[in-house]
Amino acid sequence: MSGTNAGGPVSVDVDIEDGRTTIEVTGQRRVATVVRSASGERIYLPPERTDEEEEATPYRPAGGDSPYEGIADDSPYGSSRRAPATLGRSRTANGFRIVHPEPVTDVRLLR
C-alpha cells in the first residue's frame, strides 16, 4: 500500500508472521496508526515533538537522524547481535515500525 503527501511518497508494508504483525511505514513519522485485531482496536501515537526537532543545525540534522544510531540492515546476513523487534512503535531511518502482538485485520494511518 502506498500514497503521497505534501512531503513525498508514503509506503506501508504489513507482514503477519509467527502470530504477530509488523507494520513498516516509510516517508512519514508524524501520524497516528489505528490497528484492529481479534482483541479489539489499538492506537499507536507518534512521539511528541520536542524543541530539539524544531531546529536543524549542522550538529543536529533535521529529522532527528543520528550518526550514532547505526545503519539499517534488512539483509538476512545482518549482525547476529541485532535484537529481535520489540512490541510497540519504534523509529526507523525514514519512518517507523510497529510490532503488534497478534494478526491484524485493519490498519489506518491518521494525520
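Residues numbered from 1 in each chain as written. Predicted model: local features only at pLDDT ≥ 70, side-chain atom pairs only at ≥ 80, totals over all residues. Heavy atoms only, no water.

Let us look at the overall build of the chain. Counting secondary structure elements, the chain contains one helix and eight strands. Helices (α) and strands (β) of the chain occur, in sequence order from the N terminus, as β-β-β-β-β-α-β-β-β. Counting only contacts in the chain whose residues sit at least 6 apart along the sequence, the fraction spanning at least 24 positions is 58%. Only carbon and sulfur atoms are counted for the fraction: they give 50% of the accessible area of the chain, which is about 8,200 Å². (Helix = DSSP H or I, 4+ residues; strand = E, 2+ residues; numbered from the N terminus. Contact = heavy atoms within 4.5 Å. Areas by Shrake-Rupley, 256 points an atom, 1.4 Å probe, with all protein chains shown as cover.)

Moving on: the sheet that holds strand 8 (residues 104-110). Strands sit in the order 5-4-8 across an open sheet of three strands; the sheet is antiparallel. Each having just a single partner strand, strand 5 (40-44) and strand 8 make up the two edges of the open sheet. Each strand axis lies, on average, 15° off the axis of its neighbour in the sheet, ignoring direction. Here strand 4 (residues 32-37) pairs with strand 8 via six bridges, running antiparallel. In the strand pairing of strand 8, alanine 32 is matched with leucine 110. (Pairing = 2+ DSSP bridges. Axes fitted to C-alpha atoms, helices over the stretch in contact; angles between N-to-C directions.)

Summary statistics for the chain give a mean pLDDT of 76 and a share of 61% for residues scoring 70 or more. When the elements of the chain are averaged for pLDDT, strand 1 (residues 2-5) gives the smallest value, 51, and strand 3 (residues 20-26) the largest, 96. Counting contacts from residues 55-72, a segment whose pLDDT is below 50, to residues more than four positions away or on other chains yields 10 contacts. Low pLDDT, under 50, characterises residues 78-83; the stretch is placed with five contacts to residues that sit more than four places away or in other chains. (pLDDT = per-residue confidence, 0-100.)

So, on to a negative patch on the surface. Taken together, the side chains of Asp13, Asp15, Glu17 and Asp18 define an acidic patch exposed on the protein surface. Here aspartate 18 lies in the loop between strand 2 (8-17) and strand 3. (Patch = residues over 30% accessible without salt bridge, like charges linked within 9 Å, V, L, I, M, F, W, Y side chains within 5 Å. Salt bridge = Lys/Arg side-chain N within 4 Å of Asp/Glu carboxyl O. Lys, Arg positive; Asp, Glu negative; His and termini not counted. Charge placed at Lys NZ, Arg CZ, Asp CG, Glu CD.)

Time to look at the side chain of threonine 33. By secondary structure assignment, the location of threonine 33 is in strand 4. Judged by its relative accessible area of 0%, threonine 33 is buried. Threonine 33 has contacts with Arg42, Ile43, Tyr44, Arg89, Phe96, Ile98, Val107, Arg108 and Leu109, leaving out every residue within four places of it along the chain. (Buried < 20%, exposed > 50% of the residue type's maximum accessible area, 1.4 Å probe, protein only.)

Below, the discussion takes up the nonpolar core. Formed by Val10, Val12, Ile23, Val25, Val31, Val35, Tyr44, Phe96, Ile98, Val104 and Val107, the largest nonpolar core amounts to 11 residues. The residues contacting valine 35, other than those within four sequence positions of it, are Ile23, Gly40, Glu41, Arg42, Tyr44, His100, Val104 and Asp106. (Core = buried A, V, L, I, M, F, W, Y, C linked by side-chain atoms within 4.5 Å.)

This next bit is on the pairing of strand 5. Examined bridge by bridge, strand 4 and strand 5 share five bridges and lie antiparallel to one another. By the bridge assignment, valine 34 is partnered in strand 5 with isoleucine 43. Between strand 4 and strand 5, which follow one another and run antiparallel, lie two residues.

What follows is about the pattern of salt bridges. In total, this model carries three salt bridges according to the counting rule given. A salt bridge links arginine 108 to aspartate 106, with the nearest nitrogen and oxygen atoms 2.6 Å apart.

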